[in-house]
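Okay, here's what each chain looks like letter by letter:
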Amino acid sequence: VSVTRSIAASALAVLVTLASAVPASASATDDVRAAMIKFAALSSCRMTMDDGSTMDFVKPNSVHMSGKGMEMYTIGSTMYVKHGARGWTKIQTHGIAPAHVDDWMRTNRERANDVSATDLGMRSVRGETLHAYRMTSKGNKPSTVYIGGDGFVRRVEGDQPGHGVTFSNFNGIAPFRAPV
């Protein structure tokens, strides 16, 4: 009897975990659209590319990029660049569009209307159980989108290996300060 209870408790825990990881929308397209709109409302997040490089975004207009021996901050209309062991170089971006994270997020929200999706079911991705969808949108190649139980897009993969992006640190990145 105790073995049966243990198995039943384990099965119930798995069902509760899976149920909490499934967005509660009417269709796959609605699930993906809701995740894109939720993403657009973030104040900050981190993108980690499959090659290990990262980009942190903080509204309204700050980006921090690092990878392959280079680091860069864009804060408003000022850019700070560091290559390898060399120090920081401050660059005014006159004539070059500054980082407008708000615009990028707004574009993602607007693109949500052009999305269609197919439900691929639950998948284990890097140790996390996520809901997978095949997403298509106007002018873009199809991709696989993985959404967490919290409704955030956690990962997007293209058709080519090594072309994936993982999202994390939702609303968890403090505003940047100039490195020099």
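The structure we're discussing is the one just above.
Everything in this summary refers to the structure shown in the same document. Residue positions are counted from 1 within each chain, in the order its sequence is given. This being a predicted model, a pLDDT of at least 70 is required before a residue's local features are given, and a value of 80 or more before pairs of side-chain atoms are given or counted; all residues contribute to the totals for chains, interfaces and linings. Remark: hydrogens and water are excluded; side-chain values derive from all non-hydrogen atoms of the structure.

Attention shifts here to the overall build of the protein chain. Per the secondary structure count, the protein chain includes 3 helices and 11 strands. Listing every helix and strand of the protein chain by position from the N terminus yields α-α-β-β-β-β-β-β-α-β-β-β-β-β. Contacts between residues were defined by any pair of non-hydrogen atoms, one from each residue, lying within 4.5 Å. Relative to all contacts within the protein chain whose residues are 6 or more apart in sequence, the contacts with residues 24 or more apart total 43%. In these tables, accessible area is a Shrake-Rupley quantity obtained with a 1.4 Å probe, and a residue counts as shielded only by the protein chains included in the view. As displayed, the protein chain has an accessible area near 10,200 Å², and 56% of this comes from carbon and sulfur atoms. Helix and strand assignments come from DSSP, with helices taken as H or I runs of at least 4 residues and strands as E runs of at least 2, each series counted from the N terminus.

Next up on the list: the environment of Phe167. Secondary-structure assignment places Phe167 in strand S11 (residues 164-168). Those residues within four positions of Phe167 in sequence are excluded, and the remaining contacts are Phe39, Arg46, Met47, Val153, Arg154, Arg155 and Val156.

All right, on to the packing of aromatic side chains then. Note on ring pairs: Phe, Tyr and Trp rings are taken, using the six-membered ring of Trp, and paired if centres are within 6.5 Å. Classes follow the plane angle, with under 30 degrees stacked, over 60 edge-to-face and the rest tilted. The full count for this structure, using the stated rule, is 4 aromatic pairs. Pairing Phe152 with Phe170 gives two aromatic rings, centres 4.3 Å apart and planes at 10°, and the pair type is stacked. Taken together, the residues Phe152 in the loop between strand S9 (140-147) and strand S10 (153-157) and Phe170 in the segment after S11 connect sequence positions 18 residues apart. One aromatic cluster in this structure is built from Tyr73, Trp88 and Phe176. Here the guanidinium or amino end of Lys38 rests over the ring plane of Phe152, the centre of that ring lying 4.5 Å away. Only when the NZ atom of a Lys or the CZ atom of an Arg is both within 6 Å of the ring centre and within 35 degrees of the ring normal do we say a charge sits over the ring.

Moving on to the environment of Ser27. Tracing the sequence through the fold places Ser27 in the loop between helix H1 (2-20) and helix H2 (28-40). Judged by relative accessible area, Ser27 falls into the partly exposed class, the value being 30%. Put simply, Ser27 and Thr118 are 91 residues apart on the chain and 8.5 Å apart in space, counted from C-alpha to C-alpha. Only protein chains enter the area calculation, which uses a 1.4 Å probe; residues under 20% of their type maximum are buried, those over 50% are exposed, and those in between are partly exposed.

With 13 residues, H2 ought to run about 18 Å at 1.5 Å a step, and its terminal C-alpha atoms sit 19 Å apart, in line with that. Residues of H2 that are buried include every one of Ala28, Thr29, Asp31, Val32, Ala35, Met36, Phe39 and Ala40, and no others. To estimate how far a helix should reach, multiply one less than its number of residues by 1.5 Å.

Bringing unusual backbone geometry into the picture now. The omega torsion of the bond from Lys59 to Pro60 falls at 10°, within 30 degrees of zero and hence cis. Among the structural elements, Pro60 can be located in the loop between strand S2 (54-58) and strand S3 (62-67). With phi around 55°, Lys68 is a residue other than glycine that occupies positive phi space. You can call Lys68 exposed: its relative accessible area is 74%.

Here we come to the pairing of strand S5 (residues 78-83). Alignment of strand S4 (residues 70-75) against S5, held across 6 bridges, turns out to be antiparallel. By the bridge assignment for S5, Tyr73 is matched with Tyr80. In this description, strands pair whenever DSSP reports at least two bridges between them. If you look at the hairpin formed by S4 and S5, you'll find 2 residues sitting between the two strands, and Gly76 has a positive phi there, around 65°. Relative to strand S6 (residues 89-92), S5 is paired through 4 bridges, and the arrangement is antiparallel. The residue of S6 that forms the bridge with Tyr80 is Lys90. The antiparallel pairing of S5 with S6 creates a hairpin that spans 5 residues between the two strands, and Gly84 there sits at a positive phi of about 55°.

In the sheet, S3 pairs with S4 via 6 bridges, with the strands oriented antiparallel. Bridging across to S4, Ser62 finds its partner in Ile75. Taken together, S3 and the strand that follows it, S4, pair antiparallel across an intervening segment of 2 residues, in which Lys68 is found at a positive phi of about 55°.

Okay, the pattern of salt bridges next. Salt bridge, as applied in this entry: a Lys or Arg side-chain nitrogen positioned within 4 Å of an Asp or Glu carboxyl oxygen. One pass over the structure, following the stated rule, counts 8 salt bridges. Salt-bridge contacts for Asp50 lead to Arg126; the nearest nitrogen and oxygen are separated by 3.2 Å. One end of the pair, Asp50, is in the loop between strand S1 (44-49) and S2; the other, Arg126, is in the loop between strand S7 (115-125) and strand S8 (128-137), and 76 residues separate them in sequence. Residue Arg155 is joined to Asp50 by a salt bridge in which the shortest nitrogen-to-oxygen separation is 2.9 Å. Of this pair, Arg155 sits in strand S10 while Asp50 sits in the loop between S1 and S2, and the two are 105 residues apart along the sequence.

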